[in-house]
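# Geometric and topological summary
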Amino acid sequence: MTETVSPEEMQATFAEVLGLCAVTPDEKVAVLCEGELLADYAEAFLRAASALGAETTRVRVAPGDHAGAEARIANLSASALASDTAAMATLKEADLVIDLMLLLFSHEQIAIQQAGTRMLMVVEPFEVLRRMMPSRALRARVEAAERRLAAARTLRFTNDAGTDVTYELAQLTGPPPACILTEYGYTDTPGRWDHWPSGFLASTGTATGVEGRVVMDVGDIVLPWKEHLASPVSFTIRDGVVVAIDGGSDARRLREYIESFDDPRAWAVSHIGWGLNRDARWTVDAPGIGMDSRAAYGNVLFSTGPDTEFGGSNDTPCHLDLPMQNCSLWLDDELIVERGDVVPADMRA
Ligand code: FE2
């Protein structure tokens, strides 16, 4: 049930996050929205940015044939922005774009970032945003994790259900997007994208450098479905590609879902990382696109599909985020997550 919130409270909350984004009076803030979706967010962000003295503009693209973020993240196909050159020019000129339409894994998002614009995606219901307010402390823990991930050559994770998979980590040291994806819920860094709410990080294996087996256990979560698994599902991975999905009815549904996209690139292994947000819940019941389970403290977030967010060229619209509990994860030989608990002191909440 989505609760009501006053325009004043919404503006004040958004102002707090714009403050973390270090918006200054000489900056341009663009709010990107699709049709009338999240029109109240657009109004509140524009008022909050104006109150900070920034120059503001609203970029509204033609509505797509979907009802909002939950539908959009389930099929990341091209948006109206792709053919709207005037809108793209305005967005690239801005210092900060508030993305209310969900440009995740789009070529447009990358182009805007490459213009030096920082971007913050905001699509979750207000009660979720407010519960997972970003903070400098969360940023510090995510960045501590980023430093370790950047220095590592391999990532391995296991669980009692039978997972044992090793990623030869891509060395993501280029300008965005060819970098490790950190998400702590705000951005004050030119060209950097973030998503409020969040609190995790992710990298990818090299193109053919993921080998082993991922066995999701009962209770682990499938996004964008927002469902807990009722039976274990085993993914066999060879050379960075899922070559088999075995198990009961959940496995069959996952196989059929990926097959429905009729795209061989949908079988690629995508990003890998772990959650660091204590305010995020292990649940699929919160409204919205399910950032709780993506960011849940001590999870391991396994995923399949596109890699454009990491400088790759796979832009398949089929993307599964698969948060898993009770895993252990190592970077090279260092234990980072032990049975669902974060180990290094500088990452612990
Ligand atoms: Fe993802």
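Everything quoted here is computed from the prediction, not taken from an experiment.

## A few points about the domain arrangement of the protein
- Partitioning the protein into domains gives domain 1 (7-123) and domain 2 (133-342).
- Between domain 1 and domain 2, the C-alpha centre-to-centre distance is 25 Å.
- Taken together, the contact pairs 32 residues of domain 1 with 31 residues of domain 2.
- Both sides together, the interface formed by domain 1 and domain 2 hides about 2,700 Å², and carbon and sulfur atoms give 66% of it.
- When residues of domain 1 are sorted by the area they lose upon contact with domain 2, Leu20, Ile73 and Phe105 head the list and together hold 26% of the total.

## Comments concerning the coordination of the iron ion
- Coordination of the iron ion by the protein is provided by His271 (NE2), His319 (NE2), Asp321 (OD) and Asp321 (OD), with metal-donor distances spanning 2.1 to 2.7 Å.
- Here the donor residues of the iron ion are spaced in sequence according to H-x47-H-x1-D. Here His271, found in strand E15 (residues 269-275), pairs with Asp321, found in strand E17 (residues 320-324); they are 50 residues apart in sequence, far enough to count as distant.

## Side note on the pairing of E17
- Within E17, five of the five residues are buried, which leaves it mostly tucked inside the rest of the structure.
- Residues Leu320, Leu322 and Met324 of E17 are buried on one face, and the alternating residues Asp321 and Pro323, pointing to the opposite face, are buried as well.
- Pairing analysis gives five bridges linking strand E16 (residues 300-304) to E17, with the strands arranged antiparallel. Looking across to E17, one finds that Ser303 is bridged to Asp321.

Thresholds, definitions, all that
All chains use their own residue numbering, which begins from 1 and follows the written sequence. Side-chain atom pairs in this predicted model are given and counted only at pLDDT of 80 or more, local residue features only at pLDDT of at least 70, and totals for whole chains, interfaces and linings cover all residues. The basis for every side-chain value is the complete set of non-hydrogen atoms in the structure, without hydrogens or water. The source of the domain bounds is an automatic or database domain assignment. Contact criterion: two residues are considered in contact whenever any of their non-hydrogen atoms come within 4.5 Å of each other. Summed over both partners, the accessible area lost on bringing two parts together, with a 1.4 Å probe, is the buried area. Coordinating donors are taken to be N, O and S atoms lying within 2.8 Å of the metal, or within 3.2 Å when the metal is Na, K or Ca; because water is excluded from the atom set, some sites may appear incomplete. Only DSSP runs of H or I covering at least 4 residues are called helices, and only runs of E covering at least 2 are called strands; the numbering of each starts at the N terminus. The classification of residues rests on relative accessible area computed with a 1.4 Å probe and restricted to protein chains. Under 20% of the type maximum is buried, over 50% is exposed, and intermediate values are partly exposed. Two strands qualify as a pair provided DSSP detects at least 2 bridges between them.

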